[in-house]
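Observations on chain architecture
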Amino acid sequence: MAAQKTPSAKTATKHPVQDAYKVTALVLQGGGALGAYQAGVYQALDEAGLHPNWIAGISIGALNAAIIAGNPPEQRVEKLTEFWETICKSALWPNRPAFPWSENFAFPQIFRDGVNALAAWRALTEGQSGFFQPRVPPPLLQWHGNPGTASWYDTAPLRETLERLADFDRINHPSCLRVSVGAVNVRTGNFAYFDNRHEKLRPEHFMASGALPPGFPAVEIDGEYYWDGGMVSNTPLYKVLTERPHHDSLIFQVDLWSASGALPRDMGSVAERSKDIQFSSRTRLITEYMHQSREQQRLLHELMELVPEAKRTDPAFRRAERYANGALTNLIHLIYRDKPYEGHYKDYEFSAATMHEHWQSGLTDMRHTLTQPHWLDPPKADNPFVTHDVHRS
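Residues numbered from 1 in each chain as written. Predicted model: local features only at pLDDT ≥ 70, side-chain atom pairs only at ≥ 80, totals over all residues. Heavy atoms only, no water.

Where an unreviewed UniProt entry is consulted, the protein chain appears under the name Patatin-like phospholipase family protein, with the organism given as Dyella caseinilytica.

The structure is reproduced here in structure tokens:
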């Protein structure tokens, strides 16, 4: 790897509201092929001059985080585009063309269902260029396997893609934005965050965060093996919200699975709905809990301000300091909404046409969110934790 270089100066314009916050965080959930929605959200943020200084990701969110953090601000959208166009190429055959006329012509849903199902089947049988390929020989025929080969697919192509599109010297430079990615230790079952403020991040850390079994193999890091963090928690929001010391924060939470949805009426929709529930990770439950917790912490903080200086050395005051929190938090929440023709395979349907639809959805949702400029304003002291959700509104 080349010698460590100081990242080039940021040329993109900074949104003035960021001066009101110590932390501007982008929190990215896992969701496979749906992750192109997050790339669209980032493009809209980039257009508005909202540049995060902390990115936390799980699974595909971790891969998007690597591309964003591994490039200068003025190149991030370009590199995200190249990343998604790379991994959404079929490994063997040309992709189906997009349907530019589909907005003006109502294709029967069964037609779109069939086309998307075919693309998902091709991903399973062929793999995806620059991402994963079927393991040869398949795992059932391996007599002496190991944790790094016990999977249906080989993710060596992903390492090459990350090394080509992300500068890991930049990711690990002290002036780079903060990066946190989650994975689960296969041996202990414990969740772990890899953070560039505490260790040097390599391609393995991002690959481990997205190593969902049995499709992808466990990834070895410093003698331990790790699987996809989404097996334990698919949303790294709690990591950002519980960080100490506390700072005023503007957080953009981008989810790919919706906890709420229609009652399933066939086996395909049962499979899809079960994934939604499993991987949504109860983001709104976490935000509601943190809202109540922050109000209590803020009240304790204000009460402690009334304690005379002479009493502040008391052990009880010192203990209370650990629980008090005067920080303000503004959480902007976006959730990808399914298209009518998507099925239980939506997280591994990597066709280029569908990828562009996901990207456009994220771009549109974030642009719409930013038409409410007051949503970016810092919360008031009497309401220290606020949540804005364009879908809920």
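That covers the picture; the talk isn't over yet.
1. Describing the confidence of the model for the protein chain
Overall, the predicted model of the protein chain reaches an average pLDDT of 88, with 91% of residues at or above 70. For the stretch residues 101-105, pLDDT sits under 50, and the model shows two contacts to residues farther than four places along the chain or on other chains. (pLDDT = per-residue confidence, 0-100. Contact = heavy atoms within 4.5 Å.)

2. Quick notes on the environment of T86
With respect to the helices and strands, the residue T86 is situated in helix α3 (residues 76-87). You can call T86 buried: its relative accessible area is 13%. In the structure, T86 is positioned 43 residues away from S129 in sequence and 6.5 Å away in space, judged by C-alpha atoms. Setting aside anything within four residues of it in sequence, one finds T86 in contact with S129, G130, T161 and R164. Polar contacts involving the side chain of T86 include one to the side chain of R164, which spans 3.4 Å. (Helix = DSSP H or I, 4+ residues; strand = E, 2+ residues; numbered from the N terminus. Buried < 20%, exposed > 50% of the residue type's maximum accessible area, 1.4 Å probe, protein only. Polar contact = N/O pair within 3.5 Å; in protein donor to acceptor, adjacent residues only side chain to side chain.)

3. Digging into the nonpolar core
Considering soluble globular proteins, one finds that nonpolar side chains tend to be buried as a cluster. Among the nonpolar cores identified, the biggest contains 71 residues, and L26, W84, L162, F206 and F252 are the most heavily contacted of them. Tallying contributions element by element places helix α2 (residues 60-69) first for this core, with eight residues. Formed by 13 residues, the second largest nonpolar core is a distinct cluster that contains A25, W54, I251 and I286. (Core = buried A, V, L, I, M, F, W, Y, C linked by side-chain atoms within 4.5 Å.)

4. Observations concerning α2
Burial analysis of α2 places ten of its ten residues in the buried class, which makes it a mostly covered element. Listed in full, the buried residues belonging to α2 are I60, G61, A62, L63, N64, A65, A66, I67, I68 and A69.

5. With respect to helix α9 (residues 267-280)
Owing to its 3.6 residues per turn, the α-helix aligns residues three or four sequence positions apart on the same side. Compared with an ideal rise of 1.5 Å per residue, which puts 14 residues at 20 Å, α9 spans 20 Å between its outermost C-alpha atoms and is within 8% of the ideal. All of the buried residues along α9 are S269, E272, R273, K275, D276, F279 and S280. The buried side chains of α9 occupy one side of the element, clustering within an arc of 155° when seen end-on. Facing away from the buried side of α9 by over 90 degrees, the exposed positions are M267 and Q278. Tucked inside the fold, the buried residues of α9 contact α10 (283-304). The residue sitting at the N-terminus of α9 and contributing the capping side-chain oxygen is D266; that oxygen lies 3.1 Å from the backbone nitrogen of G268. Positive phi appears at S281, one or two residues downstream of α9, with a value of about 60°. (Expected span 1.5 Å × (residues − 1). Arc of directions from axis to C-beta.)

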